[in-house]
Amino acid sequence: MAVSQDVVVAPRNWEKTVVQSAAAPAFSPQLALQDSAGQLVSNYSFGRLNASVFTACGDPKAKPSYLIDKNLESAVKFIVRKFPAVETRNNNQQLAQLQKEKSEILKNLALYYFTFVDVMEFKDHVCDLLNTIDVCQVFFDITVNFDLTKNYLDLTVTYTTLMILLSRIEERKAIIGLYNYAHEMTHGASDREYPRLGQMIVDYENPLKKMMEEFVPHSKSLSDALISLQMVYPRRNLSAEQWRNAQLLSLISAPSTMLNPAQSDTMPCEYLSLDAMEKWIIFGFILCHGMLNTEATALNLWKLALQSSSCLSLFRDEVFHIHKAAEDLFVNIRGYESICPYERLAGIDAVHIFLVRSYNKRINDIRECKEAAVSHAGSMHRERRKFLRSALKELATVLSDQPGLLGPKALFVFMALSFARDEIIWLLRHADNMPKKSADDFIDKHIAELVFYMEELRAQVRKYGPVMQRYYVQYLSGFDAVVLNELVQNLSVCPEDESIIMSSFVNTMTSLSVKQVEDGEVFDFRGMRLDWFRLQAYTSVSKASLSLADHRELGKMMNTIIFHTKMVDSLVEIFYSRAFEKMFQQCLELPSQSRYSIAFPLLCTHFMSCTHELCPEERHHIGDRSLSLCNMFLDEMAKQARNLITDICTEQCTLSDQLLPKHCAKTISQAVNKKSKKQTGKKGEPEREKPGVESMRKNRLVVTNLDKLHTALSELCFSINYVPNMIVWEHTFTPREYLTSHLEIRFTKSIVGMTMYNQATQEIAKPSELLTSVRAYMTVLQSIENYVQIDITRVFNNVLLQQTQHLDSHGEPTITSLYTNWYLETLLRQVSNGHIAYFPAMKAFVNLPTENELTFNAEEYSDISEMRSLSELLGPYGMKFLSESLMWHISSQKLVVENVDVLTQMRTSFDKPDQMAALFKRLSSVDSVLKRMTIIGVILSFRSLAQEALRDVLSYHIPFLVSSIEDFKDHIPRETDMKVAMNVYELSSAAGLPCEIDPALVVALSSQKSENISPEEEYKIACLLMVFVAVSLPTLASNVMSQYSPAIEGHCNNIHCLAKAINQIAAALFTIHKGSIEDRLKEFLALASSSLLKIGQETDKTTTRNRESVYLLLDMIVQESPFLTMDLLESCFPYVLLRNAYHAVYKQSVTSSA
């Protein structure tokens, strides 16, 4: 990651101002610097070389296509081999393909070619400027003329870096050569810049060696500027222990001086980038290496910088390995000196020997420094980061409590941010370039904490900007202006131009007032700072009337004033992405550091400040990268929080499962056996722990897994909840929404997963157990609101409502579809197979003893408590889907069609016993229709259980609404239109209330109407269905399983369910066909009574073995029906027979039990 540094870019009108003021023959280095800056801006040299050429050529996917075109491969090799010479004659075969594509090459390589030309022109301007500075003997001292010295050193390093990067572009000769050949083929001559450009490329094959020769005349100016760092760099490069002993950055170490302003004679140097100073020193003394042999100060600075780092950043993540490069250069210098035997004949053996020995010493110094850097630099910087974490935390805490201290202690804030920035840059720079033997020193799992406190300090400065403005406006007008005025008055010599500038400084500061801050006035001191830069240039040349070298106090005071102006108007780069992402993952892995993980996405909000103003096209690339990284960081944080929440939910579900009734059986058994003194189980068997044991702690040091999970979750949620949103490249990110989204997805998967549905074995969790787990899950999710400000109710609504539908929003099956499928395909199918029976007395389905026992107990899935749990889970929507699915399984008209003629005759001949007997023998599929009607009855009985459970659940949750619906249903006038009545019934059915006419069954049967049959015919078929069932009832008496059991209030073959089937089918059919339900049921009762009375005359015991049990069906039908009465039954079937039948079945039941 590269952090952007302050870059002084002069406004366009600066050049005119400087030219006008520099009309005198005296030299102005400022003008020369401006010329260089102007060329830099106009030619895009540095920004374009790096962002366009260097980046494109370094990426195989972004390389110009001509460099990898197979057709041009021979031409490219030829051009590179002959470079910089141009030979177009006698090479037609190799350059033939180039001739074909010359226009496209000129068009597409123009940007690259002219970028190299820009670099050449920039080099020319820099060389002219450096020569002019040497001629004018400019005075450089970072502690006095800070801006001038800093920009001079930055220019030198930029120039050096640019030429090194140029030499690292492997395709430079191919690009320049291809363009020039295409130009010559098109225009008949080489480009006018090509000869100089080609020579520059050749000269700078070894850039540092060439520049060392260039900088021989500039050594004096460069070394003076570098040696002025002797008080600044060592003070910034102290160990953490020295910082700690000095109580650096501490506001509370000296409470009595807490309100005193933080002052220094070198204010801008206090927060100067350590990375920048190391570049100045390393590159600077490589260029003027002779000073290392003559100046002890220079050698000390050089060695200290070599011991601190192993590499420097050239451009973003492109690095320069300093020890290897410096050693290679000095070895070459030593070798060059040692192979000059002719010099000895000239009588300079002593000088030669001295140089060889000096460079031998420098090479040894480099090797020693490399060892020191490898052995100690990593640990030294690690300790610094450790100190800065605690120091920045203390500083942020104090300032958040007392923001007024931001005024006097602003310098501390900027020092802290600068120190932390330098350490992070150092770590990122070395993370991918570290020696293997000391890798641990380059892995910092706590880096997020440091970045987090940097962000917190930055946020405080932005938040309390007006506080700082008020303080420094008063400081400038009340103190700085007075002191500066006194210094100006005491100057022995002050030329007119300088006097005007100094007076403008005093007047500008004196005019400031607090009212301007209160009125929200926008301050702009850039002109004042530019004037001071201009004044530094005027007063730093050797023949200046007012020499800044003789008035150091003036320079130091002005540097302090410039810092104060920045506190009023200037309050308002990541390219090590792999290391950055790795540090983020390490941060998440360490629970104590996860609370600081928000620092990583917050850093993404600053990526756009890394864009180089000279290369605007890279803005989109960096913007996209910032968006993708921010999205990735927030997504990973949300996933980590989701996983922790899931683990907590799993633990809580396990604890809730321990409280289920099924687990208390063993405890009850042990208690009973203990009371009766019976020994059960094996000796030494451990006693089962009771629920709640996990909450008992012997001491506070005992930490359970659940404690660890809650701690980790609270730390991570602090990070997610730290900011409500963040803006990255005009996109707004909301961290909490990431967590909400992940919780919804995981909650959905967890609910479906907790059903434990196995399609192969048809196993599924009991609804009550699933409900317990879901409630435990929801309890944990509700507790998340204590950590993060999210609306967990929205999560519940989104997830649980989707679970009431057949499929969720992702097209996946829900618990509604799983349970509906299981009850229909597993439980009810086993009922039709005779393995399960419906017991009305228990209101549940119960397994029957069979040869092949079922893998599940039907009662555990269908009793009233389970059905209520199912209703809680599925809700009204889910239960409606279940009902509709049940109704779709009901259809039986086709059995009637086969017997239409016979049934029509039987309908009118029920009072003719002999004819009825003859017609009955002609009927087909009698057993099938009874079995189908029994199955329909079973389905309707199950639906009745589900509806009753739904009614109980809704009555508990919404009693007033349910009572209103019930009252509405009970008071429908008889004369009400059937469509209106059906709407009311549909509403009532959705609330679980029983209705005279089942609306779901009406809809299901209506959809099965045939278009080929007339309504009259369909009505006739419906009537004949009731006739078919009525005349078929006597056949049930011969079935062994038709015996009525008083204990279950039903029959083991479920024929008692016929009562519900007959009533609801009749009500639905005759509602559809607009017939009289009551009349048709009376007709059914007459036919059924007549048919059943006939079996009383039968003598065959096999045919009449369960006659009394079948008689009871008539009573059940009447009891179930809202349309029939006992008086009507008495008129058709003597009640004495029913009474005798009940007596007989109860007597038989008692006998069987005995």
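Everything here concerns the structure above.
Residues numbered from 1 in each chain as written. Predicted model: local features only at pLDDT ≥ 70, side-chain atom pairs only at ≥ 80, totals over all residues. Heavy atoms only, no water.

Novice: Looking at this model, I keep getting lost on the pattern of salt bridges. Mind explaining?
Specialist: Once their charged atoms are close, side chains differing in charge can pair, the charge on each being opposite to the other. According to the stated counting rule, one finds 48 salt bridges in the structure shown. As a salt-bridge pair, Glu270 and Arg235 come within 2.9 Å of each other at their nearest N and O atoms. Of the two residues, Glu270 sits in helix H14 (residues 267-270) while Arg235 sits in helix H12 (residues 233-236), which places them 35 residues apart along the sequence. Judged by relative accessible area, Glu270 falls into the buried class, the value being 10%. Among the salt bridges present, the one from Glu1078 reaches Lys1082, with a minimum N-O distance of 3.9 Å. One end of the pair is Glu1078 and the other is Lys1082, both in helix H48 (residues 1077-1095) and four residues apart, which spans about a single turn. (Salt bridge = Lys/Arg side-chain N within 4 Å of Asp/Glu carboxyl O. Helix = DSSP H or I, 4+ residues; strand = E, 2+ residues; numbered from the N terminus. Buried < 20%, exposed > 50% of the residue type's maximum accessible area, 1.4 Å probe, protein only.)

Novice: For this particular structure, what's the right way to read helix H45 (residues 999-1006)?
Specialist: Taking burial as the measure, the eight residues of H45 include six buried ones, the bulk of the element. Elements in contact with the buried residues of H45: helix H38 (864-887), helix H42 (926-957), helix H44 (978-990) and helix H47 (1058-1072). Backbone nitrogen of Ala1000 and a side-chain oxygen of the N-cap are separated by 3.0 Å at the start of H45; the cap is Asp998. (Contact = heavy atoms within 4.5 Å. Polar contact = N/O pair within 3.5 Å; in protein donor to acceptor, adjacent residues only side chain to side chain.)

Novice: Teacher, can you tell me more about the nonpolar core here?
Specialist: Soluble, globular proteins show a tendency: their nonpolar side chains are buried together. Leu392, Leu484, Phe747, Leu827, Leu828 and Phe845 are the most contacted members of the largest nonpolar core, which has 248 residues in total. In terms of residue count, helix H30 (residues 618-657) provides more of this core than any other element does, 15 residues in total. Beyond its immediate stretch of four places on either side in the chain, Phe747 contacts Val774, Tyr777, Met778, Leu781, Val795, Phe796, Val799 and Leu800. Core analysis: the next-biggest nonpolar cluster, separate from the first, contains 102 residues, Ala75, Ile176, Ile227 and Ala298 among them. (Core = buried A, V, L, I, M, F, W, Y, C linked by side-chain atoms within 4.5 Å.)

Novice: Would you mind going over the packing of aromatic side chains with me for this structure?
Specialist: The relative placement of two aromatic rings is captured by the distance of their centres and the angle of their planes. Within this structure, the stated rule accounts for 39 aromatic pairs. A centroid spacing of 6.1 Å and a plane angle of 55° characterise the contact between Phe845 and Phe942, whose relative ring orientation is tilted. On the criterion of sequence distance, the pair formed by Phe845 in strand E6 (residues 844-847) and Phe942 in helix H42 is long-range, its members being 97 residues apart. The class of Phe845 is buried, set by a relative accessible area of 0%. When the ring of Phe856 is compared with that of Tyr861, the centres are 6.1 Å apart and the planes differ by 90°; the resulting orientation is edge-to-face. Taking the relative accessible area as the measure of exposure, Phe856 reaches 11% and is therefore buried. (Phe/Tyr/Trp six-rings, centres within 6.5 Å; stacked < 30°, edge-to-face > 60°.)

Novice: How do you make sense of the pairing of E6 when you look at a structure like this?
Specialist: Regular strands place their side chains on alternate faces of the sheet. Pairing between strand E5 (residues 836-839) and E6: four bridges, direction antiparallel. When the sheet's bridge partners are listed, Tyr838 is paired in E6 with Phe845. What sits between E5 and E6 in their antiparallel hairpin is a turn of four residues, with Lys843 showing a positive phi close to 50°. (Pairing = 2+ DSSP bridges.)

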